[in-house]
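Structural features, examined
Okay, here's what each chain looks like letter by letter:
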Amino acid sequence: MAEREYHIRVAPGEIGRYVLLPGDPKRAEKIAGYFENPREIAFNREFRTFTGKVNGLRVSVTSTGIGCPSAAIAVEELIKVGADTFIRVGTAGSLQEAVEVGHLAIATGAIREEGTTIQYVPLQYPAVAHPDVVLALRQAARKLGYPYHLGITHCKDAFYSEEKGFSAQEEFNQMIWKTWMRANVIATSMEEAALFIVASLRK
């Protein structure tokens, strides 16, 4: 019997090569409800995995929890058991007036303002999405008629740091948020930099 990965508790042969990555285990279950014949593979800590089929194609969904450290663990271990294409499915905070509630943010790359990816590779190395996945997401959004925005996103560690009185660098933080807005960064969230960096390094 194949050995299971330490954190996600999944073994080779139990997942599809395409994996959706929400944060919340409950969202993983909800997404799996759209699969044909979904089967729960494992649920350990924040990592919950289901496998099923979509239009006859074997796919999986694995929750990653919140933030880059656990997202990096999930992607590393999913790669070891056979996955090679990942789509992060989650919520984000808009940084542009045009990016409204309910719109899709399709990230082409991410600002690495978090602490996980620096332990893999220097900050000069960009966190970018694979162009084939970006184009597939854009094509799907167009086909389904969903409003979407293509562009660079921002990735951070501290969810509440932008609130007044919660940051040791409050003035600097206010300035840098204005900089990202002027630079046309479309949204901010907490996982995509780890996904892009790990996937790029592991090919």
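In this report, the structure presented in the accompanying data block is examined.

Rules and cut-offs
- Residues numbered from 1 in each chain as written.
- Predicted model: local features only at pLDDT ≥ 70, side-chain atom pairs only at ≥ 80, totals over all residues.
- Heavy atoms only, no water.
- Helix = DSSP H or I, 4+ residues; strand = E, 2+ residues; numbered from the N terminus.
- Rg over C-alpha atoms; globule rule 2.2 N^0.38 Å.
- Buried < 20%, exposed > 50% of the residue type's maximum accessible area, 1.4 Å probe, protein only.
- Contact = heavy atoms within 4.5 Å.
- 1 Å grid on protein atoms, 1.4 Å probe; cavity = no way out; pocket = protein on both sides within 12 Å on 5 of 7 lines; lining within 4 Å.
- Points joined across faces, edges and corners; volume = space filled by probe spheres on them.
- Nonpolar A, V, L, I, M, F, W, Y, C, P; charged D, E, K, R; others polar.
- Pairing = 2+ DSSP bridges.
- Axes fitted to C-alpha atoms, helices over the stretch in contact; angles between N-to-C directions.
- Phe/Tyr/Trp six-rings, centres within 6.5 Å; stacked < 30°, edge-to-face > 60°.
- Core = buried A, V, L, I, M, F, W, Y, C linked by side-chain atoms within 4.5 Å.
- Salt bridge = Lys/Arg side-chain N within 4 Å of Asp/Glu carboxyl O.

Next up on the list: the overall build of the protein chain. Looking only at helices and strands, one finds five helices and ten strands in the protein chain. For the protein chain, the C-alpha radius of gyration of 17 Å lies close to 17 Å, the compact-globule estimate for 203 residues. Taking the principal axes of its C-alpha atoms as reference, the protein chain extends roughly 55 × 40 × 30 Å. When the 203 residues of the protein chain are sorted by exposure, 43% land in the buried category. For the protein chain, long-range pairs separated by at least 24 residues make up 72% of all intrachain contacts whose partners lie at least 6 apart in sequence.

We now examine the layout of surface pockets. Here the second largest pocket defines a volume of roughly 350 Å³. Lining of the second largest pocket is provided by 19 residues; of these, R88, T91, F159, M190 and E191 occupy positions nearest its centre. Going through the elements one at a time, α1 (25–32) and β10 (187–189) are the ones with two or more residues in the lining of the second largest pocket. Its residues placed into classes, the lining of the second largest pocket shows five nonpolar, seven polar and seven charged.

What follows covers the sheet that holds strand β7 (residues 104–113). Within the open sheet, the five strands sit side by side as β6-β10-β9-β7-β8. Their pairing is mixed. Because the sheet does not close on itself, it has two edges, and the strands there are β6 (93–94) and β8 (127–128). Pairing of β6 with β10, which is carried by two bridges, proceeds in the antiparallel orientation. Looking at β10, one finds that G93 is bridged to T188. Against the sheet, helix α3 (residues 131–144) makes contact with β7 and β9 (148–156), and its axis sits at roughly 150° relative to β7, the strand it touches most. With respect to the sheet, helix α5 (residues 192–201) is in contact with β7, β8, β9 and β10, its orientation differing from that of β7 by roughly 80°.

Attention now goes to the packing of aromatic side chains. Throughout the structure, instances matching the rule amount to one aromatic pair. Ring geometry for F159 against Y160: centres 4.9 Å apart, planes inclined by 80°, an arrangement best described as edge-to-face.

Before going further, it helps to spend a moment on the nonpolar core. V10, I15, V19, L21, L78, F86 and F196 are the most contacted members of the largest nonpolar core, which has 32 residues in total. For this core, the secondary-structure elements that each account for two or more residues are β1 (18–21), β2 (36–44), α2 (68–80), β7, α3 and α5. Those residues in contact with L78 that sit more than four places away from it in its chain are I8, I15, V19, L21, T62, A83 and F86. Membership of the second largest hydrophobic core comes to seven residues, among which are A28, I31, F50 and V61.

Our next topic: the sheet that holds strand β3 (residues 47–54). Read across the sheet, five strands follow the order β2-β3-β4-β1-β5 without closing on themselves; strand pairing throughout is mixed. Either end of the sheet is taken by a strand with one partner, and the two such strands are β2 and β5 (85–88). Neighbour-to-neighbour, the strand axes of the sheet open up by a mean angle of 20°, direction not taken into account. Of the strand pairs in this sheet, β1 and β5 are connected by four bridges, and their pairing is parallel.

This part is about unusual backbone geometry. Phi is positive for N55, which is not a glycine, with a value near 55°. The topology assignment puts N55 in the loop between β3 and β4 (57–62). Here N184, not a glycine, exhibits a phi torsion of approximately 65°, which is positive. Along the chain, the position of N184 falls in the loop between α4 (170–182) and β10.

In the structure shown here, the tally under the stated rule is six salt bridges. Linking R48 and E29 is a salt bridge whose minimum nitrogen-to-oxygen distance equals 3.4 Å. Here R48, found in strand β3, pairs with E29, found in helix α1; they are 19 residues apart in sequence, far enough to count as distant. The buried category is assigned to R48, whose relative accessible area is 10%. Residue classification places E29 among the partly exposed positions, given a relative accessible area of 41%. Sharing partners across several salt bridges, the network here consists of E29, E40 and R48.

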